Amino acid sequence: MSPLLSISRRTRRTPFTDRVTAAGVTGYTVYNHMLLPTVFKSITEDYRHLKSAVQVWDVSCERQVEIRGPQAAELVQMLTPRDLSEMRIGQCRYIPIVDETGGMLNDPVAVKLDEDRYWVSIADSDLLFWVKALALGFRMAVDVFEPDVSPLAIQGPLADELAARVFGDEVRKIRFFDFRTFTFNGAELAVARSGYSKQGGFEVYVEGGRHGEPLWDALFEAGRDLDVRAGCPNLIERIEAGLLSYGSDMTRANTPHECGLGRFCDTRLAIGCVGRDALLRVAREGPLKQIRYLEIEGDPVPSCPEPWAVTVEGEPAGQITSAAWSPDFEANLAIGMIVRDWWDQGTKVLVHTPAGPRTARIREKPWL
Ligand code: THG
């Protein structure tokens, strides 16, 4: 029997928790001190449904750090080596966030609501404290706070159809990582084409918890014939998609380059980024280890709650931090940090799983 998670005020509920319970959630994790569903029927059944229909996900735990005021844009640029000078209102950007050593503090989605107003939609670390401290220490003209915003994701191949039934056909025109605002229940809600899967879909930034249940109910009412179900970020699909999980696949000990997030860095242009000097220094030598994708041979491996060592000829070659059996690829797929000598496509390594040592092959790109 798996242990229970005791829920208290610290493990914050969300505006959708009662609906998620009624929908039959069977597994939770805690993310940003808030409940995040991990399983409904089973990870494999949830996976098949996500890839064939449409799901509604309570991702309220993607908390927003709101930055508002005349120096908002300046403060957001201090956080990231991605150049945001061309970012327009109505756009979202995936931004690595680094400290003064170049270490990753978070990998959120930034949302530009207005020239002087941003949301930073955070992964699992207390970024609010870091942003507040920078604002205070640099005496910046900004307010930094966590607003009452709870993202609800609509993901899957039928997501466009479902979203159009609730918000109107205009949602179909939203481009990847753009958002538009739609009126629902008398509220103006930002709807972005984004989400933590590669199945396509939207994220509704539900501003005002009172709109949560009406929106949930409207989506399930409208999607009955689409077999809409409650879902959640799915371990198998997100590994296939190569989506990284902060705290698991990378930590403060890693640079964005080690995380394979170099394509989201324009460090030379990102004047003001507090980690700029450190990143320019480490960029000269290049990373010594980097995120890679791996296929592990043999029967399905168990899940990976702590890193598994990777070796080559007995020498340390890195670690695996996420793994799952993929029904579609009929293989064990994994994400890990691999040292430079062994990170080329096709290299054979040994992964020390709880089910014993297994041969694995390196891939440079994810599966989806
Ligand atoms: N949506 C929102 N907030 C979030 C997440 C999200 N906060 C927490 C967590 N997820 C942050 N991490 C990620 C990781 C990957 C992506 C988004 C957030 C992502 N990556 C795409 C990729 O790598 O293919 C696209 C990136 C791009 O091209 O800009 O979507 O999911 N609101």
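Residues numbered from 1 in each chain as written. Predicted model: local features only at pLDDT ≥ 70, side-chain atom pairs only at ≥ 80, totals over all residues. Heavy atoms only, no water.

(A) Representation of the pattern of salt bridges in the model. A full pass over the atoms with the stated rule returns 24 salt bridges. Residue Arg13 is joined to Asp18 by a salt bridge in which the shortest nitrogen-to-oxygen separation is 2.7 Å. Residue Asp18 is classed as partly exposed on the basis of its relative accessible area of 44%. By sharing partners, the salt bridges in this structure join Glu161, Arg165, Asp169, Arg172 and Asp225 into a single network. (Salt bridge = Lys/Arg side-chain N within 4 Å of Asp/Glu carboxyl O. Buried < 20%, exposed > 50% of the residue type's maximum accessible area, 1.4 Å probe, protein only.)

(B) Fine view of unusual backbone geometry. For Asn32, which is not glycine, the phi torsion reads 50° and is therefore positive. Mapping Asn32 onto the fold places it in the loop between strand S1 (27-31) and strand S2 (34-39). Looking at Asn32, the relative accessible area reads 3%, which means it is buried. Within the chain, Glu330 stands out as a residue other than glycine whose phi angle is a positive 45°. Within the secondary structure, Glu330 is located in the loop between strand S18 (315-326) and strand S19 (331-339). (Helix = DSSP H or I, 4+ residues; strand = E, 2+ residues; numbered from the N terminus.)

(C) Here's a closer look at the packing of aromatic side chains. Taken as a whole and judged by the stated rule, the model has 8 aromatic pairs. Look at Trp216 and Phe220: their rings are 4.9 Å apart centre to centre, the planes differ by 25°, and that puts the pair in the stacked class. Of this pair, Trp216 and Phe220 are both found in helix H6 (residues 212-222), 4 residues apart, which corresponds to roughly one turn of the helix. Residue Trp216 is classed as buried on the basis of its relative accessible area, which comes to 4%. Through successive ring pairs, a cluster of aromatic residues spans Phe16, Trp216 and Phe220. (Phe/Tyr/Trp six-rings, centres within 6.5 Å; stacked < 30°, edge-to-face > 60°.)

In short, geometric facts, not functional conclusions.
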